[in-house]
Amino acid sequence: MIFEAKDLKIYYRTKKGFVKAVDRISLTVKKGETVGLVGESGCGKSTLGQGLLKILPPKTFYGGSMKIEGEELISFSENKMREIRGKKIGMIFQDPMTSLNPIMRIEKLFYETLKTHEPEITEEEARERTAKVLEKVGIEPERMQEYSFQFSGGMRQRVMIALALVLNPILVIADEPTTSLDVIVQAQIMELLNELRQEYEMSMILITHDLGVVAEMADKICVMYAGQIVEEAINEKIYYEPKHPYTKLLLKSIPNTNIDDLELNYIPGSPPDLLKPPRGCRFAPRCPYKMEICETQEPKTFAVDNTHVKCWLYSEVKK
Ligand SMILES: Nc1ncnc2c1ncn2[C@@H]1O[C@H](COP(=O)(O)OP(=O)(O)OP(=O)(O)O)[C@@H](O)[C@H]1O
């Protein structure tokens, strides 16, 4: 197993108390596997992505377990985490404009990154590695003399992908990698990511609010709601046989999907306050299928034909 989270909690400490942005999540990523993490804004996707690298505010509380190749990250010091970042876990953020240093030439940016993990590397070696990886993402190596602000949005995202790949990480976290791009460039970047993950046999966690984006790439999809995973299934199953009412509504909100047992094509209401999540099911206040038990008891996760679903509707099925 490349990555394994068990009962993972990531809570922000605020004056009003803990914001339970990730609350008892379990998740595994195998070698070469792409796991899609989907859910609407505020459900904790980015907290989880950044939490895996421990780049959240210093007072953030981490509980449970998250392991990369068997090594427990929760107990790692900041120094040890610096070795992990980039080298073992690469990250592609949603906005390359703010994450790439605009006053550094691309060549220097790559050299600095390589040098952090391989102090002995020469400028010449770094240049060779940079040229190779830039070519892989479709950028002419000569352009390493330029600054990131000289690139278009799509090209900057390619640089970002190259920067994540140059250290050969075993796991890449891509957080909304195409959100800031227009539709055509979005498709090109997703295709590039798809090719690279196959070529590098890379494991990936792909975070997005858009179920359409992960359709072609993810082997497994985890649907997040209010800090928890409410459904986990192999990719196709989620589209053809969604189980959780929230997943059904999410799919309904994509044009051209046929989920007929729900009239609504938007999700009424808004996600709960994660300072004080509801006592029972967190989706109950918005759920068209709500039952009495949903308001008082948190649902267990039930296994229903290869899908895991956190919903009381399925308690009968399991018996
Ligand atoms: N620094 C912080 N301090 C306190 N609460 C925070 C902080 N950052 C995020 N949150 C809260 O944590 C919850 C999860 O936020 P997060 O950004 O992880 O969600 P998300 O699903 O990635 O949303 P988006 O797609 O909009 O980024 C939200 O309720 C948010 O308000």
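Please refer to the structure higher up on the page.
Note that the structure is predicted; figures quoted are calculated from it, not measured.

Visitor: Sorry if this is basic, but what is going on with the packing of helix α4 (residues 106-117) against helix α6 (residues 153-165) here?
Guide: When two helices pack together, their arrangement is given by the angle between the helix axes and by the axis-to-axis distance. Following both chains from N to C, one finds α4 and α6 inclined at 25°, their axes separated by 10 Å at the closest point. What the angle tells us is that α4 and α6 run roughly parallel. Between α4 and α6 lies a crossing of right-handed hand. Where α4 abuts α6, its residues I106, L109, F110 and T113 lie against V159, A162 and L163. A per-class count over the contact of α4 with α6 returns six nonpolar, one polar and no charged.

Visitor: Can you help me understand the pattern of salt bridges in this one?
Guide: Pairing is possible between side chains that carry opposite charge, provided their charged atoms lie close to one another. All told, the structure shown has 24 salt bridges when counted by the stated rule. Residue K88 is joined to E71 by a salt bridge in which the shortest nitrogen-to-oxygen separation is 3.1 Å. Residue K88 is located in the loop between α2 (78-84) and β6 (89-92), and its partner E71 is located in strand β5 (residues 71-72); the two are separated by 17 residues in the primary sequence. A relative accessible area of 27% places E71 in the partly exposed class. The salt bridge involving E118 is made with K87; its shortest N-O contact spans 3.9 Å. In this pair, E118 is assigned in the loop between α4 and α5 (123-136) and K87 in the loop between α2 and β6, connecting sequence segments 31 residues apart.

Visitor: Can you walk me through the site of the ligand in this structure?
Guide: Inspection of the region around the ligand gives 13 residues, with S41, G42, K45, S46 and T47 positioned closest. Between the ligand and the protein, one listed contact pairs an oxygen atom with a side-chain N or O atom of S41 at 2.5 Å. Relative to its free-state accessible area of 630 Å², the ligand is covered by the protein chains to the extent of 63%. Of all the elements in the fold, those that place two or more residues in the shell around the ligand are β1 (3-14), β2 (17-29) and α1 (45-51).

Visitor: Where do I start with the sheet that holds strand β4 (residues 61-68) in this structure?
Guide: Within a sheet, neighbouring strands are paired by backbone hydrogen bonds and run either parallel or antiparallel to one another. If you trace the four strands from one edge of the open sheet to the other, you get β2-β1-β4-β5, paired in antiparallel fashion. Every interior strand has two partners, whereas the edge strands, β2 and β5, have only one. Across seven bridges, the pairing between β1 and β4 is antiparallel. Counted as the bridge partner of I10 is Y62 from β4.

Visitor: Would you take a moment to explain the sheet that holds strand β10 (residues 228-234) for this structure?
Guide: Strands sit in the order β6-β7-β8-β3-β9-β10-β12-β11 across an open sheet of eight strands; the sheet is mixed. The sheet terminates laterally at β6 and β11 (301-304), the two strands that pair on one side only. Taking the axes of each pair of neighbouring strands and ignoring which way they run, one obtains an average angle of 20° across the sheet. Bridge count for strand β3 (residues 34-38) against strand β9 (residues 220-225) is four bridges, and the pairing is parallel. Counted as the bridge partner of V35 is K220 from β9.

Visitor: I tried to follow the environment of V183 on my own but got confused; where do I start?
Guide: Relative to the assigned elements, V183 resides in helix α7 (residues 183-199). For the pair V183 and K243, spaced 60 residues apart in sequence, the C-alpha separation works out to 29 Å.

Visitor: Got a minute to help me understand α5 in this structure?
Guide: At 3.6 residues per turn, the α-helix brings residues three or four places apart onto the same side. Over its 14 residues, α5 runs 20 Å from end to end, which matches the ideal 20 Å to within 8%, given 1.5 Å per residue. Along α5, the residues that are buried comprise A126, T130, A131, V133 and L134. Its buried side turned inward, α5 meets α4 and α6. Directly after α5, the chain includes G138, whose backbone phi takes a positive value near 80°.

Visitor: What am I meant to see in the nonpolar core here?
Guide: Proteins that are soluble and globular tend to have nonpolar side chains buried together. Counting residues in hydrophobic clusters, the biggest one holds 67 residues, and the most contacted among them are F110, I161, L211 and I221. Top element by residues in this core is α6. It accounts for seven residues. If sequence neighbours within four positions are ignored, I161 has contacts with I92, V137, I189, L192, L193 and L196. Within the second largest apolar cluster, 32 residues are counted, among which are I10, V22, M66 and F76.

Visitor: Whenever I open this one, the packing of aromatic side chains confuses me. Can you help?
Guide: Remark: the centre distance and the inter-plane angle together describe each pair of aromatic rings, the angle taken between the planes. One pass over the structure, following the stated rule, counts eight aromatic pairs. Centre to centre, the rings of Y11 and F18 are 5.9 Å apart; their planes meet at 55°, and the pair counts as tilted. Classification of Y11 as buried rests on a relative accessible area of 9%. When the centroid spacing of 5.6 Å and the interplanar angle of 40° are considered together, the rings of Y11 and F61 count as tilted. Separated by 50 residues along the polypeptide, Y11 in strand β1 and F61 in strand β4 bring together distant segments of the chain. Sitting over the face of the ring of Y62, K54 holds its NZ or CZ atom 5.6 Å from the ring centroid. Lying across the ring of F151, R143 places its NZ or CZ 4.1 Å from the centre.

Parameters at a glance
- Throughout this document, residue positions are counted from 1 along each chain, in the order its sequence is written.
- In keeping with the predicted nature of the model, local features appear solely for residues at pLDDT of at least 70, side-chain atom pairs appear and are counted solely at 80 or more, and the whole-chain, interface and lining totals rest on all residues.
- Excluding hydrogens and water, the side-chain values take into account all heavy atoms of the structure.
- Lines are fitted to the C-alpha atoms to define the axes, a helix being fitted only along its stretch in contact, and any angle between axes, read from their N-to-C directions, falls within 0 to 180 degrees.
- We count a stretch as a helix when DSSP gives it H or I for four or more residues in a row; a strand needs E for two or more, and each element gets its number in order from the N terminus.
- Angular relationships are summarised with four words: roughly parallel below 35 degrees, roughly antiparallel beyond 145, roughly perpendicular across 65 to 115, and oblique for the angles in between.
- When the near helix sits turned anticlockwise from the far one by under a right angle, the crossing is termed left-handed; a clockwise turn instead gives a right-handed crossing.
- Contacts are assigned to residue pairs that have any heavy atoms within 4.5 Å of one another.
- Here the term charged refers only to Asp, Glu, Lys and Arg, the term nonpolar to Ala, Val, Leu, Ile, Met, Phe, Trp, Tyr, Cys and Pro, and the term polar to all other amino acids, Gly among them.
- Here a salt bridge means any side-chain nitrogen of Lys or Arg lying within 4 Å of a carboxyl oxygen belonging to Asp or Glu.
- Each residue gets one of three labels from its accessible area relative to the maximum for its type: buried under 20%, exposed over 50%, partly exposed in between, using a 1.4 Å probe on protein chains only.
- Summary of the distance rule: residues count as near a molecule or strand when at least one heavy atom falls within 4 Å of that molecule or strand.
- Here a polar contact is taken to be a pair of N or O atoms separated by no more than 3.5 Å, where protein atoms must pair a possible hydrogen donor with a possible acceptor and residues adjacent in sequence count only if both atoms sit in side chains.
- Accessible surface is estimated by sampling points in the Shrake-Rupley manner with a 1.4 Å probe; for residues, cover comes only from the protein chains shown.
- Between any two strands, at least two bridges found by DSSP are needed for them to pair.
- The length a helix should cover is 1.5 Å for every residue beyond the first.
- Nonpolar cores are built from buried Ala, Val, Leu, Ile, Met, Phe, Trp, Tyr and Cys residues. Side-chain atoms within 4.5 Å join them into one set.
- Stacked, tilted and edge-to-face are the three classes assigned to paired rings of Phe, Tyr and Trp, where Trp is represented by its six-membered ring and a pair needs centres within 6.5 Å; plane angles under 30 degrees give stacked, over 60 edge-to-face, the rest tilted.
- Throughout this description, the term charge over a ring refers to an Arg CZ or Lys NZ atom that lies within 6 Å of the ring centre and within 35 degrees of the ring normal.

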